[in-house]
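# Coordinates in review
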Amino acid sequence: MYFAIDSNDSSTQPVHPTGGDVIPLAEATRAWFAISLQTFGGPAGQIAVMQHKLVDEKRWIGQQRFLHALNYCTLLPGPEAQQLAIYTGWLLNGTRGGLIAGSLFVLPGVIALLALSAIYVRFGSTDVVSALFAGVAPAVIAIVVQAVHRIAKRALAHGALVAIAVGAFVALTMFGVPFPIVVFASALIGWALGRRIPGLGRASSHGDADDGPAPLISDDALHHELPSKRRSFGIVALGALLWFAPVVAFAALVSSTDVFVDQGLFFSGTAVVTFGGAYAVLAYVAHQAVYVYGWLAPGEMVRGLALAETTPGPLIMVVQFVAFLGAYRDPGSLDPWVAAVLASLLVTWVTFVPCFLFVLLGAPYVERLRHNRHLTSALTGVTAAVVGVIANLAVFFALHTLFDRNREVGSGPVSLDVPVLSSWDPLAFAITGIALAAMFWRGWGPLRTLGLCALLGVAAYAVGLAA
């Protein structure tokens, strides 16, 4: 049951008397499956698909109600588009609806990237596949640069926020400050600045009011499920059990390799600090996976991101590729292919189960966050830092794509990777320039740009320009 709040009357009146599903669960499931097949283009594209289907076309939820749910999801760690699907599914069909919506949102991407990871392991060393990656890796640089540009335009509306972004970039690039520390320090700085600079954390306008028939869930409707200590404790207990049970099982049953436990714990940790979208955490993941755990080579992280860009679902799905390669190369007593598939599914599980936990736990409380200025200011600080974090990721990818060799320079706490200029790759530079022109001058999207650059890589191989 939903209740409408009359701004001139403190009483509540039911606007959806069923007390159950707003729409039939089967109909909602079909809609979420259709949405899941169209979730290309990163979070902006994914949110736009849900906006079109749920708000504009089907009129299941009001515009401001939808945007309020989105604002809440941006406060959470993890992919906000998938969390928005969970939240909206919960609004429409309760807990069952949230579980179905969130699961279907990532399922096509999980299957696609699992297949692509296997293809990469099996055929990645062939000349044709190498030529494809010689084209798509430079395109990834352009995609990340565009992400920096778009977020900076939206997030850096004040000089103090520019300073946070620059500070985050310097902390990561020159001082090697761990990513979680950068996130929480930025949140603290944003909160402090919000107390001194009025309006710093004020949410931007998201658009005009709805046009068309009244939605099934109006902008003023409140879900019937009230917050309670009993409900919250039950969700936390069950969610934590489901989250970590597979990791414990691998620790108990597989003693010949530590890769499953290492990946399960590491990606469980990244799941709770993934503020600002996948790009923000990928620099941290890339550094740890390459230099600390040795699961893959620097150039392979770029290739994994290129594969993830071509599949539906959240971009953070690239962690599945990382897990696949890491377990394939360190399978212990297991068959390498079995180990790779198990690790891929384990990491997918520990990455996305927390999303369900966070959303279903906090959803009944979300209305209380609507006008919380302190939380909004903290989020503003994190969003500003994300610009610097993504810029750091762009530098990481550029160093390992445009140059064949890099070296470390520094003194004391300062350490910086710099390219060996004589090792520059003219083909990579050329394709990167074309990708940047396509995206910034012609306005092409990521998929179209990746396709063009892949063809350029193959063409260069055909005429002998690519080894």
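Note that the structure is predicted; figures quoted are calculated from it, not measured.

Rules behind the numbers
- Residues numbered from 1 in each chain as written.
- Predicted model: local features only at pLDDT ≥ 70, side-chain atom pairs only at ≥ 80, totals over all residues.
- Heavy atoms only, no water.
- Axes fitted to C-alpha atoms, helices over the stretch in contact; angles between N-to-C directions.
- Helix = DSSP H or I, 4+ residues; strand = E, 2+ residues; numbered from the N terminus.
- Parallel < 35°, antiparallel > 145°, perpendicular 65-115°, else oblique.
- Left-handed = near helix turned anticlockwise from the far one by under 90°.
- Contact = heavy atoms within 4.5 Å.
- Nonpolar A, V, L, I, M, F, W, Y, C, P; charged D, E, K, R; others polar.
- pLDDT = per-residue confidence, 0-100.
- Buried < 20%, exposed > 50% of the residue type's maximum accessible area, 1.4 Å probe, protein only.
- Expected span 1.5 Å × (residues − 1).
- Phe/Tyr/Trp six-rings, centres within 6.5 Å; stacked < 30°, edge-to-face > 60°.

Interaxial distance between helix H7 (residues 179–196) and helix H14 (residues 373–402) falls to 7 Å at its minimum, and their mutual angle equals 135°. One finds that H7 runs oblique with respect to H14. For the pair H7 and H14, the sense of crossing is right-handed. Across the interface between the two elements, Phe 179, Val 182, Val 183, Ser 186, Ala 187, Gly 190, Trp 191, Gly 194 and Arg 195 of H7 pack against Arg 373, His 374, Ser 377, Ala 378, Gly 381, Val 382, Ala 385 and Val 389 of H14. By residue class, the composition of the contact of H7 with H14 is nine nonpolar, six polar and two charged.

With that settled, the discussion passes to the side chain of Ser 344. Take Ser 344: it is sitting in helix H13 (residues 336–362). Excluding residues within four positions of it along the chain, Ser 344 makes contact with Leu 114, Gln 320, Ala 323 and Phe 324.

Summing up the model confidence of the protein, the mean pLDDT is 83 and the portion of residues at 70 or higher is 86%. This stretch, residues 3–19, has a pLDDT under 50; its non-local contacts, to residues over four places away or in other chains, come to 28 contacts. In this model, residues 203–210 is a region of pLDDT below 50 whose contacts with residues beyond four sequence positions or in other chains number eleven contacts.

Moving on, we come to the environment of Gln 63. Following the sequence through the fold, Gln 63 ends up in helix H3 (residues 63–74). Take Gln 63: its relative accessible area is 10%, and that puts it in the buried class. Taking the C-alpha atoms as reference, Gln 63 lies 8.7 Å from Pro 215; in sequence the two are 152 residues apart.

Counted at 1.5 Å a residue, the expected span for helix H11 (residues 298–309) with its twelve residues is 16 Å, and the 17 Å between its end C-alpha atoms agrees. The buried fraction of H11 is high, at nine of twelve residues. Taken as a whole, H11 has its buried residues at Glu 300, Met 301, Val 302, Gly 304, Leu 305, Ala 306, Leu 307, Ala 308 and Glu 309.

Where H11 contacts helix H12 (residues 318–329), the axes come no closer than 8 Å and their chain directions differ by 135°. Accordingly, the angle class assigned to the pair H11 and H12 is oblique. At the point where H11 passes H12, the crossing takes the right-handed sense. Packed against H11, whose contacting residues are Glu 300, Met 301, Gly 304, Leu 305, Leu 307 and Ala 308, the element H12 presents Val 318, Phe 321, Val 322, Leu 325 and Arg 329 at the interface. Its residues assigned to classes, the contact of H11 with H12 shows eight nonpolar, one polar and two charged.

Relative to the elements of secondary structure, Gly 176 occurs in the loop between helix H6 (159–173) and H7. For the pair formed by Gly 176 and Pro 413, sequence separation is 237 residues and the distance between their alpha carbons is 8.4 Å.

With respect to the element layout, Ala 163 can be found in helix H6. When the C-alpha atoms of Ala 163 and Ala 385 are compared, they prove to be 8.9 Å apart, with 222 residues separating the residues in sequence.

A few words now on the packing of aromatic side chains. On inspection of all chains with the given rule, the structure shows 14 aromatic pairs. Taken together, a centroid distance of 4.9 Å and an interplanar angle of 70° make the contact between Phe 266 and Phe 267 edge-to-face. Taking 6.2 Å as the distance between ring centres and 65° as the angle between the ring planes, the aromatic pair formed by Phe 324 and Trp 337 counts as edge-to-face. Note that Phe 324 is positioned in helix H12 and Trp 337 in helix H13, a separation of 13 residues in sequence. Judged by relative accessible area, which is 32%, Trp 337 ranks as partly exposed.

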